[in-house]
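Listed below are the residues making up each chain.
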Amino acid sequence: MELSVNTEWTGDGFDIVEQSRAGLSRAKADEVARPIGLTDKEMARILNLSERTLHRLRPDARLDSNASERLLLLEVLIKHGLDVFDGRTDVLGRWLHGPLPELRRQAPVTLLDTTTGFSMVHTVLGRIEHGIYS
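Residues numbered from 1 in each chain as written. Predicted model: local features only at pLDDT ≥ 70, side-chain atom pairs only at ≥ 80, totals over all residues. Heavy atoms only, no water.

Buried within helix α2 (residues 26–33) we find R26, K28, A29, V32 and A33. Take α2 and look down its axis: the buried residues cluster within an arc of 155°, on one side only. Elements in contact with the buried residues of α2: α3 (40–47), α4 (51–56) and α5 (65–84). (Buried < 20%, exposed > 50% of the residue type's maximum accessible area, 1.4 Å probe, protein only. Helix = DSSP H or I, 4+ residues; strand = E, 2+ residues; numbered from the N terminus. Arc of directions from axis to C-beta. Contact = heavy atoms within 4.5 Å.)

Put into structure tokens, the structure is as follows:
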């Protein structure tokens, strides 16, 4: 099984590597989460941080490279989802939180704590985008 994370939505995988290494700000995490209604608890899980650690970070504090990479992967996924759902953040937010048969009745957001989960969610979005229903 080949694992590939869809980076075509940002244009260049090297951008993700460089930005991850530089570290993104805590404020960027809030900026990404807000439009689709992700809670701090969900964001902490996605970023592989404790909720307490996430809360303690100042808005200008830099996330480590692992959390930054996950945040960028989330941003890429959101861009993909917005393309699929015609820019409707409300629809994407509901879709991310609803259980899907294709994901063993799990909500997509619950899989975003692993890179494999990101890939699986991208695959489902791609199927929707191309009119392929399970």
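Remark: α5 packs on helix α6 (residues 89–97), axes separated minimally by 9 Å, with the N-to-C direction vectors making an angle of 115°. α6 is crossed by α5, and the crossing has right-handed handedness. On α6, the residues that touch L77, I78, G81 and L82 of α5 are T89, L92 and L96. Considered class by class, the residues forming the contact of α5 with α6 number five nonpolar, two polar and no charged. (Axes fitted to C-alpha atoms, helices over the stretch in contact; angles between N-to-C directions. Left-handed = near helix turned anticlockwise from the far one by under 90°. Nonpolar A, V, L, I, M, F, W, Y, C, P; charged D, E, K, R; others polar.)

It is possible for side chains bearing opposite charge to pair when their charged atoms get close. Scanning the entire structure with this criterion turns up eight salt bridges. R26 serves as the salt-bridge partner of D30, at 2.3 Å between the closest nitrogen and oxygen. Here the residue D30 and the residue R26 both occupy positions in helix α2, the gap between them amounting to four residues, near one helical turn. With a closest N to O distance of 3.8 Å, R94 and D90 form a salt bridge. Placement of both R94 and D90 in helix α6 is noted, with a separation of four residues, approximately one turn of the helix. Taking the relative accessible area as the measure of exposure, R94 reaches 54% and is therefore exposed. What makes D90 partly exposed here is its relative accessible area of 35%. Several salt bridges share partner residues, and in doing so they unite R26, D30 and D40 into one network. (Salt bridge = Lys/Arg side-chain N within 4 Å of Asp/Glu carboxyl O.)

Look at α5 against helix α7 (residues 115–129): their axes get within 10 Å of each other, and the N-to-C directions meet at 10°. In terms of orientation, α5 lies roughly parallel with respect to α7. When α5 is examined against α7, the residues R70, L73, L74, V76, L77, H80, G81 and V84 are found in contact with a partner set consisting of T115, F118, V121, H122, L125, G126, I128 and E129. Residues of the contact of α5 with α7, tallied by class, amount to nine nonpolar, five polar and two charged. (Parallel < 35°, antiparallel > 145°, perpendicular 65-115°, else oblique.)

The sites that carry the UniProt feature "domain: Antitoxin Xre-like helix-turn-helix" (unreviewed entry) are, in the present numbering, residues 16–74. Measuring from the first to the last C-alpha atom of residues 16–74 gives 11 Å, for a span that is 66% helix and 0% strand. (UniProt positions renumbered as here; feature names shortened; annotations may be inferred.)

Attention shifts here to the environment of A27. By secondary structure assignment, the location of A27 is in helix α2. Residue class for A27 comes out partly exposed when judged on its relative accessible area of 33%. Taking the C-alpha atoms as reference points, A27 and T39, 12 residues apart in sequence, are found 14 Å from one another.

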